[in-house]
Amino acid sequence: MGGAIDRADLEGDPHPALDALRRAEPVSWIPAIDGWLITDRDLVIAAMRDPATFTVDDPRFSTGLVVGPSMLSLEGSRQRRHRRPFVPPFRPAAVQAAQGDEIRGHARRLVEGLRPAGRAELRTELAGPLGRRIERTVRPSTAGSSGPRPLLGAIADSADLTHDELCSNVAVLMFGAVETSEAMTANALFHLLSHPDQLAALRRDRSLLGNAIDESLRLEPAAAVVDRYATADVRFGRPGAEQSIRRGDLVRLSLTAANHDPSTYVDPHRFDIRRPNAAGHLAFVQGPHACIGIHMAKLETAAGLQAVLDLLPGITADDPALARPTGLIFRKPDRLDATWPAGAVAATSCPDG
Ligand code: HEM
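Before going into details, it helps to say that this report is about the structure given with it. (Residues numbered from 1 in each chain as written. Predicted model: local features only at pLDDT ≥ 70, side-chain atom pairs only at ≥ 80, totals over all residues. Heavy atoms only, no water.)

Things to note about the coordination of the iron atom of the ligand
And then number 1: Counting protein donors around the iron atom of the ligand gives one, Cys-291 (SG), at 2.3 Å.
And then number 2: Turning to its location among the elements, Cys-291 is positioned in the loop between helix 12 (255-259) and helix 13 (294-311). (Donors = N, O, S within 2.8 Å, 3.2 Å for Na, K, Ca; no water. Helix = DSSP H or I, 4+ residues; strand = E, 2+ residues; numbered from the N terminus.)

Some remarks on unusual backbone geometry
And then number 1: Even without a glycine there, the phi angle at Asp-34 is positive, about 55 degrees.
And then number 2: In this model, Asp-267 sits at a positive phi of 45 degrees, which is unusual for a non-glycine residue.
And then number 3: Among the secondary structure elements, Asp-267 is positioned in the loop between helix 12 and helix 13.
And then number 4: Residue Asp-267 is classed as partly exposed on the basis of its relative accessible area, which comes to 46%. (Buried < 20%, exposed > 50% of the residue type's maximum accessible area, 1.4 Å probe, protein only.)

Section: the site of the ligand
And then number 1: Near the ligand lie 25 residues; those nearest to it are Gln-79, Arg-83, Arg-228, His-289 and Cys-291.
And then number 2: Between the ligand and Arg-228, the relevant distance is 2.7 Å, taken from an oxygen atom to a side-chain nitrogen or oxygen of the residue.
And then number 3: More than half of the atoms of the ligand fall within 2 Å of the grid points belonging to the largest pocket.
And then number 4: Elements supplying a minimum of two residues to the shell around the ligand: helix 5 (76-83), helix 9 (163-193), strand 5 (225-230) and helix 13.
And then number 5: It is helix 9 that contributes the most residues to the shell around the ligand, five residues altogether.
And then number 6: Here the shell around the ligand is composed, by residue class, of 17 nonpolar, six polar and two charged. (Near = heavy atom within 4 Å. Polar contact = N/O pair within 3.5 Å; in protein donor to acceptor, adjacent residues only side chain to side chain. 1 Å grid on protein atoms, 1.4 Å probe; cavity = no way out; pocket = protein on both sides within 12 Å on 5 of 7 lines; lining within 4 Å. Sits in = over half its atoms within 2 Å of the grid points. Nonpolar A, V, L, I, M, F, W, Y, C, P; charged D, E, K, R; others polar.)

Section: helix 11 (residues 209-219)
And then number 1: Extensive coverage of helix 11 is indicated by the burial of nine of its eleven residues.
And then number 2: For helix 11, the complete set of buried residues consists of Leu-209, Ala-212, Ile-213, Asp-214, Glu-215, Ser-216, Leu-217, Arg-218 and Leu-219.
And then number 3: Where helix 11 is buried, its residues touch helix 9, helix 10 (196-204), helix 12 and helix 13. (Contact = heavy atoms within 4.5 Å.)

Description of the layout of surface pockets
And then number 1: Volume-wise, the largest pocket comes out at about 1,200 Å³.
And then number 2: Every element with two or more residues in the lining of the largest pocket is listed here: helix 4 (62-67), helix 5, helix 9, strand 5 and helix 13.
And then number 3: With ten residues, helix 9 is the largest single contributor of residues to the lining of the largest pocket.
And then number 4: Taken together, the residues of the lining of the largest pocket break down into 29 nonpolar, eight polar and seven charged.
And then number 5: Here the second largest pocket is characterised by a volume of approximately 330 Å³.
And then number 6: For the second largest pocket, the lining is made up of 16 residues, of which His-15, Phe-190, His-191, Glu-220 and Arg-324 are closest to its centre.
And then number 7: For the lining of the second largest pocket, the per-class residue count stands at five nonpolar, seven polar and four charged. (Points joined across faces, edges and corners; volume = space filled by probe spheres on them.)

That's the geometry; what it means functionally is another story.
Right, here's the structure in full:
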């Protein structure tokens with residue numbers, strides 16, 4: 001069945017193809033993407049939690065080729081050694097203390113700058129600049145500049161890594177952060193603006209913001225697929241319907257398909273900011289390579305959405321259908337054009353919410 005799937009089936013609206021695969025062949029060889037595609041949530045979790053069988057440590061892995069060995073291209077104790085120094089500064093309290101005010105201020109200034117025009121293309125004019133903020137935070141050349149102490153400085157002091165190792169991991173951090181963060185904010189704006197009833201519910205009850213962001217990540221995880229390589233010949237699949245994966249095969253885990261698995265999510269394609277189990281999505285992966293930037297990324301997207309809710313009360317998307325996210329690996333809207341009554345400010349403005 002995988003032979004009938006082409007890349008276009010996965011790049012636009014992937015759900016007809018992903019749903020069919022999950023039902024009939026949740027471990028499926030797809031020639032068009034030169035690998036196995038895993039679409040069942042339990043199997044995706046099993047694979048990402050089994051790095052001895054499904055590894056990132058393979059010479060073909062593109063990140064390793066580009067930036068050299070890093071936490072994202074190693075496994076086991078070598079991976080932990082690379083990852084360990086980066087964990088503390090990305091913990092929720094550390095991110096909030098070191099960068100919370102700066103992130104909220106940055107988001108607010110961006111939206112204030114857009115407000116007078118009465119319209120904007122929100123992916124490149126809001127989500128993009130918000131996502132690129134991380135570059136300033138970690139770039140070595142900012143060391144010693146004013147503002148929060150650059151992350152890299154704090155990490156370099158404590159890390160038992162060589163200069164090259166440190167640089168490889170910082171590169172991974174930046175590559176991992178910028179495009180995905182932009183997509184995460186753009187996708188959340190897309191979901192809210194294309195569901196005015198949900199946007200209104202969020203305006204009435206801002207405590208739903210965190211769950212709304214998780215629900216958007218569930219529907220459109222910015223990184224739709226993560227790749228692993230099989231370390232051995234292995235039988236893998238639902239009990240009784242396993243497939244024979246060969247050593248060295250590329251195994252692609254569809255986070256999008258896992259997040260729409262009807263065995264976990266009722267009415268899985270619906271955007272529902274009150275969904276009780278939205279936070280169980282796999283957008284940030286589980287296991288040894290779980291994203292380190294979760295809390296910073298969530299803070300950024302929340303700050304962007306808060307600023308829009310506070311400062312652009314009458315905002316509407318020009319044509320939500322045109323803003324639908326697309327892409328095979330990274331998914332985001334091509335354009336997200338929106339309009340609002342110029343000069344308007346919400347009565348219940350909440351700058352630091
Ligand atoms: C501040 C922003 C971010 C930073 C600093 C960041 C950093 C990182 C780092 C360093 C890793 C590698 C962890 C390891 O291998 O041990 C990682 C993994 C990952 N990140 Fe992020 N990230 C950010 C935002 C995001 C966003 C917004 C998404 C998606 C919505 C995302 C999705 C992922 C995924 C799926 C992985 C796992 C890759 C894999 O297992 O192959 N990240 N992130």
